[in-house]
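Reading the structure
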Amino acid sequence: MMRAILAMIRKDLQLFFTDRRAVIMSLVAPIAIASFFGSIFSGSTSGERAKIPIAIVDQDQSAVSKGIVAGATGDAWFTVASPTLDEARERVKTGALTVAVIIPSGFGDAAGRAFFSGQARPSLTLLYDPSHSTELGLVRGVLTEHVMQSVSAEMFTGEQGRVLVDESLAQVEALGAPDEQQTRLRDLLRSARKFYDVPAAPAAGQAADGAAAPRRGLSMPYAVAEEAITAGNNATYNGYAHSFAGMGIQFLLFASIDLGVGILLERQRGLWKRLRSAPLSRTSLLLGKASSGSLIALLTLAVSFGFAMLVFGVRVHGSLPGFVLVAVTTAMMAATFGLLIASLGKTPGGTRGVASLAVLLMVMLGGAWVPSFIFPAWLQTATVVVPARWAVDGFDAMTWRGLGFQAALLPAVVMLGFALLFGVLAVARFRWEE
Amino acid sequence: MLEVRSVRKTYGDLVAVHDVSLSVRPGEVVGLLGPNGAGKSTTVSMIAGLVTPDSGQVLIDGAPLQGDTDPKKRRIGLVPQDLALYDELSALQNLRFFGALYDLGNQALEEAIASSLQLVGLTERAKDRVGTFSGGMKRRLNLAASLLHDPDILLLDEPTVGVDPQSRNAIFSNLETLKARGKGLLYTTHYMEEVERLADRVVIVDHGRVVASDTLEGLQRHAPAGTGPVSLEAIFLALTGRRLRD
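Analysis parameters
- Residues numbered from 1 in each chain as written.
- Chains lettered and ligands numbered in written order.
- Predicted model: local features only at pLDDT ≥ 70, side-chain atom pairs only at ≥ 80, totals over all residues.
- Helix = DSSP H or I, 4+ residues; strand = E, 2+ residues; numbered from the N terminus.
- Rg over C-alpha atoms; globule rule 2.2 N^0.38 Å.
- Buried ≥ 20, exposed ≤ 12 C-beta atoms within 10 Å, placed from the backbone.
- Contact = placed C-beta atoms within 7 Å.
- Domains from an automatic or database assignment.
- Pairing = 2+ DSSP bridges.
- Axes fitted to C-alpha atoms, helices over the stretch in contact; angles between N-to-C directions.
- Left-handed = near helix turned anticlockwise from the far one by under 90°.
- Nonpolar A, V, L, I, M, F, W, Y, C, P; charged D, E, K, R; others polar.
- Right-handed = clockwise from strand over helix to strand, strands pointing away.
- pLDDT = per-residue confidence, 0-100.
- Expected span 1.5 Å × (residues − 1).

What follows covers the overall build of chain A. Tallying secondary structure elements over chain A gives 16 helices and four strands in all. Against the globule reference of 22 Å for 434 residues, chain A gives a C-alpha radius of gyration of 33 Å, more extended than a compact globule. Dimensions of chain A along its principal axes, counting C-alpha atoms only, are 115 × 45 × 45 Å. Taken over 434 residues, chain A has a buried fraction of 41%.

Before going further, it helps to spend a moment on the overall build of chain B. Looking only at helices and strands, chain B has seven helices and 10 strands in total. For 246 residues, the compact-globule estimate of 2.2 N^0.38 gives 18 Å, and chain B sits close to it at 18 Å. For chain B, the spread of C-alpha atoms along the three principal axes comes to 55 × 40 × 35 Å. Classification of the 246 residues of chain B by burial places 44% in the buried group. Residue pairs at least 24 apart in sequence account for 69% of intrachain contacts in chain B once pairs closer than 6 positions are excluded.

It is worth spelling out the domain arrangement of chain A at this point. Each assigned domain of chain A is listed here: domain 1 (2-42 + 243-429) and domain 2 (52-197). Just the C-alpha atoms count here: the centres of domain 1 of chain A and domain 2 of chain A sit 58 Å apart.

Further remarks concern the sheet that holds strand 3 (residues 99-103) of chain A. Residue and element names in this part refer to chain A. Spatially, 2-1-3-4 is the arrangement adopted by the four strands of the open sheet, whose pairing is mixed. Sheet topology places strand 2 (78-81) and strand 4 (125-128) at the edges, where each strand pairs with a single neighbour. Ignoring which end each strand starts from, the neighbouring axes of this sheet average 25° apart. As judged from the four bridges shared by strand 1 (residues 52-58) and strand 2, these two strands associate in the parallel manner. Within strand 2, the position partnered with Ile-52 by the bridge is Phe-78. Running at roughly 165° to strand 1, helix 3 (residues 63-73) makes contact with strand 1, strand 2 and strand 3 of the sheet.

Below, the discussion takes up the packing of helix 9 (residues 239-268) of chain A against helix 12 (residues 320-344) of chain A. Residue and element names in this part refer to chain A. Interhelical geometry of helix 9 versus helix 12 gives an angle of 35° and a closest axis separation of 7 Å. Of the two possible hands of crossing, helix 9 and helix 12 adopt the one that is right-handed. Residues Ile-249, Leu-252, Leu-253, Ala-255, Ser-256, Ile-257, Leu-259, Gly-260, Ile-263 and Leu-264 of helix 9 form the contact with helix 12, whose participating residues are Thr-330, Ala-331, Ala-334, Ala-335, Phe-337, Gly-338, Leu-339, Ile-341 and Ala-342. Looking at the contact of helix 9 with helix 12, its residues break down into 15 nonpolar, four polar and no charged.

Time to look at the interface of chain B and chain A. Contact residues are listed per partner, giving 29 residues for chain B and 23 residues for chain A. Mapped by element, the contributors of at least two residues to the side of chain B that touches chain A are helix 1 (40-48), strand 6 (76-79) and helix 2 (91-100) of chain B. If one sorts the elements of the side of chain B that touches chain A by residue count, helix 2 of chain B sits on top with four residues.

On to the pairing of strand 8 (residues 184-188) of chain B. Residue and element names in this part refer to chain B. With five of five residues buried, strand 8 is to be regarded as a mostly interior element. Every second residue of strand 8 is oriented toward a common face, with Gly-184, Leu-186 and Thr-188 on one face and Leu-185 and Tyr-187 on the other, all of them buried. In this region the chain leaves strand 7 (residues 153-157), passes through helix 5 (residues 165-180) and returns to the parallel neighbour strand 8; the handedness of that crossover is right-handed.

Attention now goes to unusual backbone geometry. Residue and element names in this part refer to chain B. At Asp-61, a position not held by glycine, the phi torsion is positive, near 50°. With respect to the secondary-structure elements, Asp-61 resides in the loop between strand 4 (55-60) and strand 5 (63-64). Its 10 C-beta neighbours within 10 Å are what place Asp-61 among the exposed residues. A positive phi is found at His-207, a non-glycine position, where the angle reads about 50°. Within the element layout of this structure, His-207 appears in the loop between strand 9 (201-206) and strand 10 (209-215). His-207 gets classed as partly exposed once you count the C-beta atoms within 10 Å, which come to 15.

Of the residues in chain A, 90% reach a pLDDT of 70 or more, and the chain-wide mean stands at 85. Note that residues 203-208 of chain A has pLDDT below 50 and, in this model, five contacts with residues that lie over four places away or in other chains.

The next subject is helix 8 (residues 179-197) of chain A. For helix 8 of chain A, which comprises 19 residues, the first-to-last C-alpha distance of 27 Å matches the rise-based estimate of 27 Å (1.5 Å per residue) to within 8%. Taking burial as the measure, the 19 residues of helix 8 of chain A include zero buried ones, a minor fraction of the element.

Next up on the list: the environment of B:Asp157. All names here are of chain B. Mapped onto the elements, Asp-157 comes out in strand 7. For the pair formed by Asp-157 and Ser-231, sequence separation is 74 residues and the distance between their alpha carbons is 22 Å. When near neighbours in sequence (up to four residues on either side) are disregarded, Asp-157 contacts Ser-41, Val-44, Val-79, Pro-80, Gln-81 and Thr-188.

Residues and elements named next belong to chain B. Checked against the element boundaries, Val-130 lands in the loop between helix 3 (106-120) and helix 4 (135-144). Separated by 11 residues in sequence, Val-130 and Leu-141 place their C-alpha atoms 8.8 Å apart. Once you skip the residues sitting within four places of it in the chain, Val-130 turns out to touch Leu-85, Tyr-86, Asp-87, Leu-89, Ser-90, Ala-91, Asn-94, Lys-138 and Leu-141.

This is the structure we're talking about:
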């Protein structure tokens, strides 16, 4: 029996390597597509952040609005253009700009007064591309910082603040407050007036060269220290690790379609009659098929991950035995899925179409295209019944998450469960009689 | 050697084989004839173990064939009607695979391959891809693939469909050689002249039943009344009618 099973495996491998299309589809295509997805999800390798193209239309031309433009222009998040309003609107419409910020005339003055009173707050208009709503939130947040800095700087150190203090001094008597309170308020405002009259102290390192001292304003009262958390030492997130896992699984499942359709073709070509006429058990026949399917699947994964390791620096930061366990159980799941396809299918052509749709759904819901954390919460829960999800999670755990062998056990057990389920269903539904 | 006893096979309401009995002895060629849908292929499938009879038995030397792994299946060689070969592989790779299904060791397998290829005249093309073969060459290789485990009984399901006269003649020569070696052959075909040339006995089935079983001479008693010796085709039409079956 063993000799027959080995012969079936050898024959299927020979068939696989003589079919150039199958080899390209199984080995080259996943590498190409995974490289593309990996480049998207890994971000820039130089460490530079991708900048958001925005425009600021400054209709105010006040010190405050100029401060906002200057702040935004120097921000690492943005590339800032200064078109006219009509140009800005047109460029957002065509997608050339993500957001256009319109600073209306009188904004600086109104914002300064609203800074202390909280009343009559002027509006900033944001024109945005609806396909970039995520970036809109980011632009709004970063812009708030620059507006607050510019307005507060002007109010504390600028001409507008001085004018506001002078206006307030003139209006103290009109407040109708008791004399003692009026005196204290005048003292306070005169102190503020003196503050405005003293030139700003130069910052450290800037005193000698005579350059203008920076305007003082409110700034963020904290700094953010970012640290990516993975379980393993020196394990860093590598978007290629996820994309190669996802695409590897996708094309491994495509290979399982070839396995299933191959069995149907063997039946159609009368080859199955010859196989069945030999003194072999049904288990041996299916075991031979499942074994060759698993080997081809493992080969696909090995080539994909090997390429990712050599070219994109993907590493198994977690457990290597765990990685192998996930790979083997994933291959077994895919191979038995191929047997299931053969048992449910009737014609090779029709079966390939339906099976391709099933595989695409499986990999899409399994997080092979985009990580499942992007999914809505209900979908993240629902997709635990999708085997590809466990395969992707298992590979993520063993590669960039850097988790230990134990983290591979649950995905492996679930995958074995799916393999068993698919295998039992395939045996039960397989059309043995010709 | 081979005995089929009252086998019956139904598919839902369709009775494919109602009641068929026949036998094949060593060194004998039995022609199995019947119109399309008469039950020939189902009968052959039951003998080869591809289909389980609802009732009746297939016996090899008096012992019933039981299950997929019955060692007695090694006594049977099936030559399917389809060209059951992998076009993508060479003749040698095909034969190595099919021989390994019968658990032949390396040396025995290589000897069997050489012998089979020599019989069908394909030794020179052993390393060529089957996809490059002509229809006749594929038919001969189809036969060779069934001989590797040296079966005593050969089931031939329309083995000459679509081949030129030269290849057909070569196959006939191969079958006559096998007969001379003591192999029992059950030969299904629609070509009456093939049966007239090869068969020692003829079994004619229709509607899943045996309607005649005799030697070529013995079948003459089924000839239309008042005629002298007639062709096998005339007897066949007399027994099965002239109505189209498909």
